[in-house]
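Examination of the molecular architecture
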Amino acid sequence: MGEVTVKALEDVTFEVEKGEFIVILGPSGSGKSTLLNIVGGMDNPSDGEVYFNNELITKMKDKELTYYRRNKIGFVFQFYNLMATLTARENVELAAELCENAADIDEVMESVGLGDRADHFPSQMSGGEQQRVAIARAVAKNPQILLCDEPTGALDFETGIQILKVLKDVNEKFGNTVMVITHNASIADMADKIIKMRSGKIADIIINENPISPERIEW
Ligand SMILES: Nc1ncnc2c1ncn2[C@@H]1O[C@H](COP(=O)(O)OP(=O)(O)OP(=O)(O)O)[C@@H](O)[C@H]1O
């Protein structure tokens, strides 16, 4: 069988500052997830370099990369991927136990608005609540970068706005750099920086001097 080589990304160069709220915007197949996976150390580019602070992550050995993923990066996905047999709090605790510099679990649960739902199981929660647990799970690791792949993709408008607000609150409270993938252009209005992707390339990088609060987003 013949093999087809797909160039998912090409000529991609950008910088992210500590504490920035970044939106990566682009249509399906434009390379957004590939980009996020490379930043998160889940995928390795065939060419090019990625630096985290002054460390070259693209040259890291497996053990160093595991350490980077575990301690520096938090992931939030479209579908929440929670452990069904663990409560919200237990899901968050489990992730925190794996890393060396975990945040205070109670504080994290409060900051995502789940203080009073911590003992509920995922099946007892709405999609928006489950996504809050997933965000808490990522934030509890106290990561320097929070990578979110279509975090509102499975949610209705109102719930999506609430989730974006949680991400913005976390960004302000804990100072994590946040990178959100979306194909929804309206979400870009809340970003400090917007990276527009098209066909595996960066079509534009926009610095937004006046990001709006999530409540003011319309889509
Ligand atoms: N493991 C893989 N093997 C082959 N092709 C891949 C693989 N992963 C991604 N691709 C291809 O690379 C390109 C970019 O995919 P990617 O998932 O990064 O895009 P995306 O912008 O995140 O899309 P979506 O919004 O649909 O998730 C697409 O053409 C995709 O088919």
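So, a few notes on the structure that sits alongside this text. Just so you know, these numbers come straight off a predicted model, no measurement behind them. (Residues numbered from 1 in each chain as written. Predicted model: local features only at pLDDT ≥ 70, side-chain atom pairs only at ≥ 80, totals over all residues. Heavy atoms only, no water.)

Comments concerning the site of the ligand
Around the ligand, the structure places V6, A8, P27, S28, G29, S30, G31, K32, S33 and T34. Here G31 contributes a backbone N or O atom positioned 3.0 Å from an oxygen atom of the ligand. For the ligand, an oxygen atom lies 2.5 Å from a polar atom in the side chain of T34. Within the complex, the protein chains bury 51% of what would otherwise be the 630 Å² of accessible surface of the ligand. (Near = heavy atom within 4 Å. Polar contact = N/O pair within 3.5 Å; in protein donor to acceptor, adjacent residues only side chain to side chain. Areas by Shrake-Rupley, 256 points an atom, 1.4 Å probe, with all protein chains shown as cover.)

What about the packing of aromatic side chains?
Inspection of the entire model under this criterion finds 2 aromatic pairs. Between F75 and F77, the aromatic rings sit 6.0 Å apart at their centres with planes inclined by 5°, giving stacked as the arrangement. (Phe/Tyr/Trp six-rings, centres within 6.5 Å; stacked < 30°, edge-to-face > 60°.)

A look at helix α3 (residues 88–97)
Those residues of α3 that sit buried are A88, N91, V92, A95 and A96. Buried residues of α3, viewed axially, fall in a sector of 130°; they line one side. For α3, the secondary structure elements touched by its buried residues are α4 (105–111) and α5 (127–139). (Buried < 20%, exposed > 50% of the residue type's maximum accessible area, 1.4 Å probe, protein only. Helix = DSSP H or I, 4+ residues; strand = E, 2+ residues; numbered from the N terminus. Arc of directions from axis to C-beta. Contact = heavy atoms within 4.5 Å.)

Things to note about the layout of surface pockets
It is a probe the size of a water molecule, rolled over the atoms, that shows where empty space is left. Considering only enclosed or pocket space, the largest pocket measures out at about 1,200 Å³ in volume. Lining the largest pocket are 35 residues, and of these F14, V39, E49, V50 and Y51 lie nearest its centre. Contributions of two or more residues to the lining of the largest pocket are made by α1 (32–39), β2 (51–52) and β6 (177–182). With 4 residues, the top contributor of residues to the lining of the largest pocket is α1. By volume, the second largest pocket amounts to about 320 Å³. As for the second largest pocket, its lining consists of 13 residues, of which R69, F75, A95, L98 and K141 are closest to the centre. At the level of secondary structure, the elements contributing two or more residues to the lining of the second largest pocket comprise α2 (62–72), β4 (73–76) and α5. The greatest single-element share of the lining of the second largest pocket, amounting to 3 residues, is contributed by α2. When grouped by side-chain class, the residues that make up the lining of the second largest pocket number 6 nonpolar, 3 polar and 4 charged. (1 Å grid on protein atoms, 1.4 Å probe; cavity = no way out; pocket = protein on both sides within 12 Å on 5 of 7 lines; lining within 4 Å. Points joined across faces, edges and corners; volume = space filled by probe spheres on them. Nonpolar A, V, L, I, M, F, W, Y, C, P; charged D, E, K, R; others polar.)

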